[in-house]
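# An overview of the molecular structure
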Amino acid sequence: MLTASERDALVATILHLPAQLHALVDRLDLEQLNTAYISNEWTIAQNIHHLADTQMTLFIRIKLLLLEDYPTLKPFDQDTWVTTVDSVGPIETSLTILQGLQERAATLVNSLDLASFERTGWHPENGETTLEQVVRYYARHGELHLEQIGQVLAAAK
Ligand code: NI
């Protein structure tokens, strides 16, 4: 079972993401944000819009797992989601979403008793999924894209 200190670490990681993102991208101009410096990889702007899409989806999965009995966790196609018009505009929209969302997710996760993390649902591609797995991925997914944005920035130099 998840421990209280593991829960605390996940909450800290979740809370920390918006400031880490701002530190990476605040000084970049539109061209830097929208240039694919690594071929076949997303631009920094696409990474940020994708982060907002995915964190919203994962947040809803956390709520479903917490509040419903064995919910189905609907998959989504991340590659088509970054192609719609809302995902190619200024990144401030998605940074604002992430600022509020990470805070709400941290508040929610921090409030959960440890037994709640064993609640389960069904993901059509991944199979049986626990709340702990979704929360761990919620925290880790932010870190993965901080790393990916860092790699794009390194390639831009
Ligand atoms: Ni991702």
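Residues numbered from 1 in each chain as written. Predicted model: local features only at pLDDT ≥ 70, side-chain atom pairs only at ≥ 80, totals over all residues. Heavy atoms only, no water.

Before going further, it helps to examine the pattern of salt bridges. A full pass over the atoms with the stated rule returns four salt bridges. A salt bridge links Arg136 to Glu6; its shortest N-O distance comes to 3.4 Å. Residue Arg136 is found in helix α6 (residues 131–156), and its partner Glu6 is found in helix α1 (residues 4–25); the two are separated by 130 residues along the sequence. Residue Arg136 is classed as partly exposed on the basis of its relative accessible area, which comes to 33%. (Salt bridge = Lys/Arg side-chain N within 4 Å of Asp/Glu carboxyl O. Helix = DSSP H or I, 4+ residues; strand = E, 2+ residues; numbered from the N terminus. Buried < 20%, exposed > 50% of the residue type's maximum accessible area, 1.4 Å probe, protein only.)

Let's shift gears to the pairing of strand β1 (residues 120–123). Every second residue of β1 is oriented toward a common face, the buried set being Gly121 and His123 and the non-buried set Thr120 and Trp122. Pairing of β1 with strand β2 (residues 127–130), which is carried by four bridges, proceeds in the antiparallel orientation. Within β2, the position partnered with Thr120 by the bridge is Thr130. Counting the residues that bridge the hairpin from β1 to β2 gives three residues. (Pairing = 2+ DSSP bridges.)

Attention now moves to the side chain of Ser87. Residue placement: Ser87 occurs in the loop between α4 (78–81) and α5 (92–111). The class for Ser87 is buried, based on a relative accessible area of 2%. A polar atom in the side chain of Ser87 sits 3.2 Å from the backbone oxygen of Trp81. Ignoring anything within four residues of it in the chain, the contact list for Ser87 reads His49, Asp53, Trp81 and Val82. (Polar contact = N/O pair within 3.5 Å; in protein donor to acceptor, adjacent residues only side chain to side chain. Contact = heavy atoms within 4.5 Å.)

Quick look at empty space enclosed by the protein now. In the structure shown here, the tally under the stated rule is one cavity of 30 Å³ or more. When its volume is computed, the largest cavity comes out at roughly 40 Å³. Looking at the largest cavity, the residues that line it are Thr13, Leu17, Gln20, Gln55, Gln102, Tyr138, Ala139, Gly142, Glu143 and Leu146. Of all the secondary structure elements, the ones that give two or more residues to the lining of the largest cavity are α1 and α6. Of the residues in the lining of the largest cavity, the class split is four nonpolar, five polar and one charged. (1 Å grid on protein atoms, 1.4 Å probe; cavity = no way out; pocket = protein on both sides within 12 Å on 5 of 7 lines; lining within 4 Å. Points joined across faces, edges and corners; volume = space filled by probe spheres on them. Nonpolar A, V, L, I, M, F, W, Y, C, P; charged D, E, K, R; others polar.)

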